[in-house]
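Chain by chain, the residues run as shown.
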Amino acid sequence: MSFQRFYQTWFDQLKEMVHQLNQAPKHATSDQHRELHQLLIQKVMSHYYEYYRVKSLAAKNDILSIFAAPWFTSLERSLHWIAGWRPTTAFHLIYTESSILFESHITDILRGLRYGDLGDLSPDQLRRVSELQCEAVREENAISDELSGWQDDASEIIGLMGDIDAKMERLVEILEKADKLRMKTIEDLVELLTPQQAVEFFIASAHLQFGIRRWGINHDRQRGNP
């Protein structure tokens, strides 16, 4: 199976998983609810692990096709950082969702009510989110510097100087570092959040992904792109 066909199947399965997440109880009020949330979280995490496992294999086979990514829309590719989403985007999403939910619950919060959702992040959680974001920014910058160094050697590629295979292998290594950071970001946030909050995070991130893809498809159709 080509990676393009794999991605389409993977994307369709993600939609089904998000449907299951949406069907789960919004608030974990019992052990049964919490167990269901944990089960769904593990299922989504396994789905992401599989994506990066197969992507790594495809990159080793043809790294340039992974960067070209014809299975994505023009809009999606324009937002990519090293052939994928920028890890720090996850933190911006957390802050956005938290603010929206907090504002919608402000009256109840003032009355002492709590929902346990992303709008109810504790001070310790917010502090840890900030720390993780700073760590991710440092790692992003380090990986970006590596890619910049690889690109600075483009003259050697154009001039057919040096070992081209070695340069492509180096690009694979840079991509794997970027993908590892993407997955680590998800792992860190899931560990930090409660099961209910993690479910909400996965739903929000998937809806962002679905929305960007939908807008990208419409844009490419209007421009006559395949």
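The structure under discussion appears in the preceding block.
This is a predicted model, so every value here is computed, not measured. (Residues numbered from 1 in each chain as written. Predicted model: local features only at pLDDT ≥ 70, side-chain atom pairs only at ≥ 80, totals over all residues. Heavy atoms only, no water.)

Visitor: When you look at the overall build of the protein chain in this model, what are you seeing that I'm missing?
Guide: Helix and strand counts for the protein chain come out as 10 helices and zero strands. With the C-alpha coordinates aligned to their principal axes, the bounding extent of the protein chain is approximately 70 × 35 × 35 Å. The buried share among the 226 residues of the protein chain stands at 41%. Look at the contacts in the protein chain between residues 6 or more apart in sequence, and 77% of them connect residues 24 or more apart. Each charge class in the protein chain can be summarised by its mean position, and for the 25 positive and 33 negative side chains these summaries are 4 Å apart. (Helix = DSSP H or I, 4+ residues; strand = E, 2+ residues; numbered from the N terminus. Buried < 20%, exposed > 50% of the residue type's maximum accessible area, 1.4 Å probe, protein only. Contact = heavy atoms within 4.5 Å. Lys, Arg positive; Asp, Glu negative; His and termini not counted. Charge placed at Lys NZ, Arg CZ, Asp CG, Glu CD.)

Visitor: Teacher, can you tell me more about helix α10 (residues 195-222) here?
Guide: Since one α-helical turn is 3.6 residues long, residues separated by three or four positions face the same way. For α10, built from 28 residues, the straight-helix expectation of 40 Å at 1.5 Å per residue is met to within 8% by its first-to-last C-alpha distance of 41 Å. Gly-224 sits one or two positions beyond α10 and adopts a positive phi of about 80 degrees. (Expected span 1.5 Å × (residues − 1).)

Visitor: In this structure, what is going on with the nonpolar core? I would like to understand it.
Guide: Phe-3 and Phe-202 are the most contacted members of the largest nonpolar core, which totals 61 residues. Looking at this core, the elements with two or more residues in it are α1 (3-23), α2 (31-61), α3 (63-68), α5 (89-104), α7 (123-152), α9 (164-192) and α10. Broken down by element, the residue count for this core peaks at 12 residues, all from α9. With residues near it in sequence (within four places) discarded, Phe-202 still touches Leu-21, Ile-41, Val-44, Met-45, Tyr-48, Ile-186 and Val-190. (Core = buried A, V, L, I, M, F, W, Y, C linked by side-chain atoms within 4.5 Å.)

Visitor: What should I look at first to understand the side chain of His-47 in this one?
Guide: Along the chain, the position of His-47 falls in helix α2. Every residue in contact with His-47, bar those within four places of it in the chain, is listed here: Trp-10, Gln-13, Leu-14 and Met-17.

Visitor: Looking at this model, I keep getting lost on the environment of Val-137. Mind explaining?
Guide: Along the chain, Val-137 turns up in helix α7. Note: C-alpha distance between Val-137 and Gln-32 (105 residues apart in sequence) is 37 Å.

Visitor: Which parts of the structure should I look at to understand the packing of α2 against α10?
Guide: The relative placement of two packed helices is expressed as an angle between their axes plus a distance between the axes. Close contact between α2 and α10 brings their axes to 9 Å; oriented N to C, the two are set at 40 degrees. The angle between α2 and α10 falls in the class oblique. For the element pair α2 and α10, the recorded crossing hand is left-handed. When α2 is examined against α10, the residues His-37, Gln-38, Ile-41, Val-44, Met-45 and Tyr-48 are found in contact with a partner set consisting of Pro-195, Gln-196, Ala-198, Val-199, Phe-202, Ser-205 and Gln-209. When grouped by side-chain class, the residues that make up the contact of α2 with α10 number eight nonpolar, five polar and no charged. (Axes fitted to C-alpha atoms, helices over the stretch in contact; angles between N-to-C directions. Parallel < 35°, antiparallel > 145°, perpendicular 65-115°, else oblique. Left-handed = near helix turned anticlockwise from the far one by under 90°. Nonpolar A, V, L, I, M, F, W, Y, C, P; charged D, E, K, R; others polar.)

Visitor: Can you help me understand the pattern of salt bridges in this one?
Guide: One side chain can pair with another of opposite charge once the charged atoms of both are near each other. Taken as a whole and assessed by the stated rule, the structure comprises 14 salt bridges. Its salt-bridge partner being Asp-188, residue Lys-184 comes within 2.9 Å of it at the nearest N-O pair. Of this pair, Lys-184 and Asp-188 both sit in helix α9, four residues apart, which is roughly one turn of the helix. Of the residues examined, Lys-184 reaches a relative accessible area of 31% and is grouped as partly exposed. Within this structure, Arg-127, Arg-128, Glu-131 and Glu-135 form a network of salt bridges that share partners. (Salt bridge = Lys/Arg side-chain N within 4 Å of Asp/Glu carboxyl O.)

Visitor: When you look at the packing of aromatic side chains in this model, what are you seeing that I'm missing?
Guide: The description of an aromatic ring pair uses the distance of the two centres, along with the angle that the planes make with each other. Taken as a whole and assessed by the stated rule, the structure comprises 14 aromatic pairs. Ring geometry for Trp-10 versus Tyr-51: centroids 4.8 Å apart, planes at 40 degrees, classification tilted. Of this pair, Trp-10 sits in helix α1 while Tyr-51 sits in helix α2; the two residues are 41 residues apart in sequence, bridging distant segments of the chain. Note that Arg-213 overlies the ring of Phe-11, its terminal NZ or CZ placed 5.1 Å from the centroid. (Phe/Tyr/Trp six-rings, centres within 6.5 Å; stacked < 30°, edge-to-face > 60°. Lys NZ or Arg CZ within 6 Å of the ring centre and 35° of its normal.)

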